[in-house]
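Structural characterization, general
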Amino acid sequence: MLHPEVESLDWPAIQKLQRKRLAELGARLAESPEWVDHFATAGMNPRDLAAEDGLENAPFLDKSALHERYPFPFLTVPMDRVQRFMATSGTTGLPVLFGLTEADYTKLMPYQLARMLAAAGVRRGQRAYQGYGYGLWIGGPALDTGFAALGCTTFPIGPGRAELAVRWLRDHGYEVASMSPLWLMTLITQAKQMGIDPKTDWCLKVGILGGQSVSTEFRAQLEAEMPEGFMSHNIYGTTEAGGPILAISTPYTHGDDELQLMNEDTVITEILDPATLKPIEPGEVGEIVVTTLCREASPVVRWRTRDLVRLSPNPFDCPSGRRGMRKIGRIIGRTDDMIKVKGVIVFPSQVEDIVAKTPGTVKEAWQIYIDKQRTTIGTMCVAVEAARGAGRPPAQIVDEIRREIQARLGINVQVECLEEGALPRYEAKATRVLHRAEVA
């Protein structure tokens, strides 16, 4: 453990620390007119967070509230204390800006990320290929701070330039890589085309994969292409929470396809029924709702991420000794990504699992097309690519995917199998559901 004084605390001790920091947060927010107005919508004042039931009665925060306060929503420090801004992706509207003070960026973020990376097996002195994007997106800068705090040597290449990245993975001897799982699969494919064998020519030991959740099957196929002993770990977070700082899988949770909420001393993560907004029980699926306890510039209280996850049936039994940091499954999907096809709820991750397990497909290339936006989709088409040299006729791939979707999800969908290279490629977060004219 990097921070045993915190990581070894049991759940009651973690909750006691959270309540103390929640009261401190409420006192700070009470100095902000925007936050006072926001809490007034629930008949509260931010100082009420100090009460035992303060958080559970506090108002939720979503993008509509942020957009109403454009351009710097809920900024709680003077502008001259903001060192830099980060922004959401803007995939569902105008990007939202979040500020970071010097303490947010140079103290809190490294503290959170270093713990995450150390839990995943990253060690001091390792060489790290950082493949997340930069600019306003928080992924690249956040991983940079984490690697630096651990004493790693970072190569901030970012996404893109596949041929160069493939060569440098071989020539520079990177032991750690942080990137989208789709980008890693693209690099594996590129390496083979260049006569480079990732199994023997690369030195990677740990993959820190984020941007989207991937199926167990896809993860297993990635690992099978890599050097012996390589382990990939899904990292999870949001810009609103302060970056990819919420959860990560570890060698102790990898086999169960679970992640651990690693920063519960600085972030409160509620997992709530998206319909009732009440806490769920272990083993149930709920929406992740986040309250940041220690961020100075742009804290959030009860931020609705819309991400759905299953709370582990045994959230506190990790053999790592982290007794107060709960375990969750991989992200199932988003409430706003959910598709209802003729009354049946479908998540893109369910389709990915089927595509990944189908021999002859290009695992990183698949797309869902729906006829048009409405409550219940009338027509859904799954488009995949046939891998060159796989030796499977496209018609056979189409039939197998159609049968599997029918067997697992109980719906009939159209399936297209295209030549390799026909579908979009994503270096970071993939947009898996697209609208187009109804497919005949």
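Read on for an overview of the structure. Residue numbers here run from 1 along each chain, matching the order of that chain's written sequence. Thresholds applied to this predicted model are a pLDDT of at least 70 for local features of residues and 80 or more for the giving and counting of side-chain atom pairs; totals over whole chains, interfaces and linings are not thresholded and use all residues. Each side-chain value is derived from all of the structure's non-hydrogen atoms; neither hydrogens nor water enter the calculation.

1. A look at helix α6 (residues 102-120)
The line we're drawing: Only DSSP runs of H or I reaching four residues or more are called helices, and only runs of E reaching two or more are called strands; each is numbered from the N terminus. Residue count minus one, scaled by 1.5 Å, sets the expected span of a helix. Think of it this way: the bend at a residue is just the angle between two axes, each fitted to seven residues, one set ending at that residue and the other starting at it. Burial classes: relative accessible area under 20% of the type maximum marks a residue as buried, over 50% as exposed, and values in between as partly exposed (1.4 Å probe, protein chains only).
An ideal rise of 1.5 Å per residue puts 27 Å on 19 residues; α6 measures up with 27 Å between its terminal C-alpha atoms. The largest bend in α6 is about 35°, located at M109, with the proline P110 one to four residues further on. Counting buried positions along α6 gives 14 out of 19 residues, so the element sits mostly inside the fold. Positive phi appears at G121, one or two residues downstream of α6, with a value of about 105°.

2. Re the environment of F85
Spelled out, the test is: The contact definition used throughout considers only heavy atoms, calling two residues in contact when any of these lie within 4.5 Å.
Looking at where F85 falls in the secondary structure, it is placed in strand β1 (residues 82-87). Take F85: its relative accessible area is 19%, and that puts it in the buried class. Ignoring sequence-local partners within four residues, the contact set of F85 consists of F72, M79, L97, F98, G99 and L136.

3. Concerning the pairing of strand β7 (residues 231-238)
Note the threshold: Two strands pair under a simple rule: DSSP has to find at least two bridges between them. Crossover handedness is defined by viewing with both strands directed away from the observer: a clockwise path from the first strand over the helix to the second marks the crossover as right-handed.
Across the eight residues of β7, six count as buried, placing the element largely inside the fold. Inspection of the sheet shows strand β6 (residues 206-209) paired to β7 by four bridges, in the parallel sense. Of the residues in β7, the one forming a bridge with I208 is H233. At this point the chain moves from β6, through helix α11 (residues 216-224), to the parallel β7, and the crossover so formed is right-handed. One ladder, built from three bridges, connects β7 with strand β8 (residues 243-248); its direction is antiparallel. Pairing of Y236 across the sheet is with A247, part of β8. Taking the residues between adjacent antiparallel strands as the criterion, β7 and β8 are bridged by four residues, where G242 takes a positive phi near 110°.

4. Thoughts on the nonpolar core
Rules: As used here, the term nonpolar core means buried Ala, Val, Leu, Ile, Met, Phe, Trp, Tyr and Cys residues forming a set that is joined through side-chain atoms within 4.5 Å.
Grouped together as the largest cluster of nonpolar side chains are 44 residues, with contacts concentrated most on V122, F147, I208 and I328. Among the secondary structure elements, those contributing two or more residues to this core are α6, α7 (139-150), β6, β7, β8, β9 (258-261), β10 (267-272) and β11 (285-292). The element best represented in this core is α6, accounting for nine residues. Each residue touching I328, except ones within four places of it in the same chain, is listed here: A247, E258, L259, L261, I271, V309, R310, L311 and S312.

5. Comments concerning the environment of G210
Structurally, G210 can be placed in the loop between β6 and α11. In the structure, G210 is positioned 89 residues away from G121 in sequence and 16 Å away in space, judged by C-alpha atoms. Residue contacts for G210: discarding those within four places in its chain leaves Y132, M179, S180, P181, N234 and I235.

6. As for the sheet that holds strand β14 (residues 333-334)
Read from one edge to the other, the open sheet built from four strands follows the order β10-β11-β12-β14, with strand pairing classed as antiparallel. Strands at the two margins of the open sheet, each flanked by one partner only, are β10 and β14. As defined by bridge partners, β11 adjoins strand β12 (residues 303-310) across five bridges and the pair is classed as antiparallel. Each residue of the ladder has a partner; that of G286, found in β12, is V309.

7. A word on α7
If you check α7, its first and last C-alpha atoms are 17 Å apart, about what twelve residues at 1.5 Å a residue would give, namely 16 Å. The buried fraction of α7 is high, at nine of twelve residues. For α7, the full list of buried residues reads G139, G140, P141, A142, L143, T145, G146, F147 and L150. Looking at the residues trailing α7, positive phi occurs at G151, about 80°.

8. So, the pattern of salt bridges
As a reminder, the rule being used: We define a salt bridge as a contact between a side-chain nitrogen of Lys or Arg and a carboxyl oxygen of Asp or Glu at a distance within 4 Å.
The final tally for this structure, using the stated rule, is 23 salt bridges. One salt bridge in this structure joins E225 and K192, with 2.7 Å as the shortest N-O distance. Of the two residues, E225 is situated in the loop between α11 and β7 and K192 in helix α9 (residues 181-193); the sequence distance between them amounts to 33 residues. Residue K192 is classed as partly exposed on the basis of its relative accessible area of 46%. Two residues, K327 and E258, come together in a salt bridge whose shortest N-O distance is 3.7 Å. Taken as a pair, K327 in strand β13 (residues 327-329) and E258 in strand β9 lie far apart in primary sequence, 69 residues in all. Across the pair, E258 and K327 agree in class, each one buried.

9. Section: the packing of aromatic side chains
As a reminder, the rule being used: Any two rings among Phe, Tyr and Trp, with Trp reduced to its six-membered ring, count as a pair given centres within 6.5 Å; such a pair is stacked if its planes are under 30 degrees apart, edge-to-face if over 60, and tilted if neither.
Within the structure shown, the criterion is met by seven aromatic pairs. Taken together, a centroid distance of 4.4 Å and an interplanar angle of 40° make the contact between W35 and F74 tilted. On the criterion of sequence distance, the pair formed by W35 in helix α3 (residues 33-40) and F74 in the loop between α5 (63-68) and β1 is long-range, its members being 39 residues apart. According to the relative accessible area criterion, W35 is buried, its value standing at 0%.

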